[in-house]
Amino acid sequence: MRYLALVLIVFVAGCGGAGLEKGTQKVSLTYGMAGGQYLQYKVSTSITYNIAGTIRQALRDITYSVRVDSIHPDGTIERRIRFDDFVMGEIAGDKLEPDANAEKYRGEWLYLKIGADGKLLDWKGLDGIRGYTIADENLKDAIVQTMVQLFQPMGTEEVGVGSTWQQVIEIPIRRRGGEMNQKVIVDYTVEGFGERAGRPCVKIKTKARYEGEGEGEMAGGKKFWINAVGEGDGEMWFDYVDGVPVESSGTITVTSDFSYERAGKEDVKTQTATIDIEEKIKLIK
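First, a word on what this report is: a plain description of the structure on this page.

Here the focus is the pairing of strand S4 (residues 95-98). As paired strands, strand S3 (residues 77-92) and S4 are joined by four bridges and run antiparallel to one another. Bridging from a neighbouring strand, Ile91 pairs with Leu96 of S4. Once S3 ends, the chain turns through two residues before running back antiparallel as S4, passing Gly93 with a positive phi of about 70°.

Here it is in structure tokens:
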């Protein structure tokens, strides 16, 4: 049986609103070069599956450093990402059973080229990463998808309290035996301005909607189909002076129907899974 999982970081974030200023201030939320230096982040993800009453939980902690190589006049951004630490595994009882391969991924790098509209234009790297996630997603694709979603553009116009905009993120991801087409629609609303990690930031409320569908073949040639929908919300803090994300957290719940052939085309069984994802992202240095 294959289970649907989402490496779904829609950069929804959340931290309290202490000291939040409303005001009439207007700022640009474009990304900056950050002095051409690496900035280090940590993302922690908890994924809980409830599949026909059977619950599985996976944890993932990734520490990575990001450098902006170039920002083109048309808004295209090229980044280089270095994976400094990589821990992942499943919870068995009260104990994390780590994936032994995760240590091998330390030091891996990824080059990303993302257009002004947020679309992935090119990527290279991750040469040492092999295999699939516990949800049968191609691990390399899952990492690329995660990083693309992390660095979506924050809008093209100056914004103030109450400003809204929307991003649509579409990236296919290979699964064992097939492919999943995924769409994340994120609505952003500016809530105010404040300081985070000593940086002047804008606080943004987000709401995300997820749509996914895919198909493929299991061992023995039997076909399977997946349809999924989900919703989530959160907040984020973005440094509007240096143009870098600072801190974020959020949740999303996805319901997926997994249908598969048993004895043939006329004998199809469907199972429904509920997937709860909690994400926290923080700029370390």
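Before going further, it helps to examine a negative patch on the surface. On the surface, Glu170, Glu211, Glu213 and Glu215 cluster together into a negatively charged patch. If you tally residues by element for the negative patch, the top one is strand S9 (residues 199-217), at three residues. With respect to the secondary-structure elements, Glu211 resides in strand S9.

With that settled, the discussion passes to the nonpolar core. Counting 66 residues, the largest nonpolar core has Leu29, Tyr64, Phe83, Met154 and Ile204 as its most contacted members. Counting residues per element, this core draws most heavily on helix H1 (residues 139-150), at seven residues. Ignoring any residue separated from it by four or fewer positions in sequence, one finds Tyr64 in contact with Leu39, Gln40, Tyr41, Val43, Ile81, Arg82, Phe83, Asp84, Met147, Leu150 and Ile281.

The next subject is the packing of aromatic side chains. Evaluation of the coordinates by the stated rule reveals nine aromatic pairs. Between the aromatic rings of Tyr31 and Phe238, the centroid separation amounts to 5.4 Å while the plane-to-plane angle is 80°, which identifies the pairing as edge-to-face. Note that Tyr31 is positioned in the segment before strand S1 (39-51) and Phe238 in strand S10 (residues 223-239), a separation of 207 residues in sequence. Using a relative accessible area of 0% as the deciding quantity, one classes Phe238 as buried. Considering the side-chain rings of Phe258 and Tyr260, the 5.7 Å spacing of their centres and the 40° angle between planes classify their relative orientation as tilted. Considered together, Phe258 and Tyr260 belong to a single accessibility category, that of buried residues. Grouped by ring-pair contacts, the aromatic residues Tyr31, Phe151 and Phe238 constitute a single cluster.

Criteria and cut-off values
- Residues numbered from 1 in each chain as written.
- Predicted model: local features only at pLDDT ≥ 70, side-chain atom pairs only at ≥ 80, totals over all residues.
- Heavy atoms only, no water.
- Pairing = 2+ DSSP bridges.
- Helix = DSSP H or I, 4+ residues; strand = E, 2+ residues; numbered from the N terminus.
- Patch = residues over 30% accessible without salt bridge, like charges linked within 9 Å, V, L, I, M, F, W, Y side chains within 5 Å.
- Areas by Shrake-Rupley, 256 points an atom, 1.4 Å probe, with all protein chains shown as cover.
- Salt bridge = Lys/Arg side-chain N within 4 Å of Asp/Glu carboxyl O.
- Lys, Arg positive; Asp, Glu negative; His and termini not counted.
- Charge placed at Lys NZ, Arg CZ, Asp CG, Glu CD.
- Core = buried A, V, L, I, M, F, W, Y, C linked by side-chain atoms within 4.5 Å.
- Buried < 20%, exposed > 50% of the residue type's maximum accessible area, 1.4 Å probe, protein only.
- Contact = heavy atoms within 4.5 Å.
- Phe/Tyr/Trp six-rings, centres within 6.5 Å; stacked < 30°, edge-to-face > 60°.

Function cannot be read off these values alone, since they describe shape.
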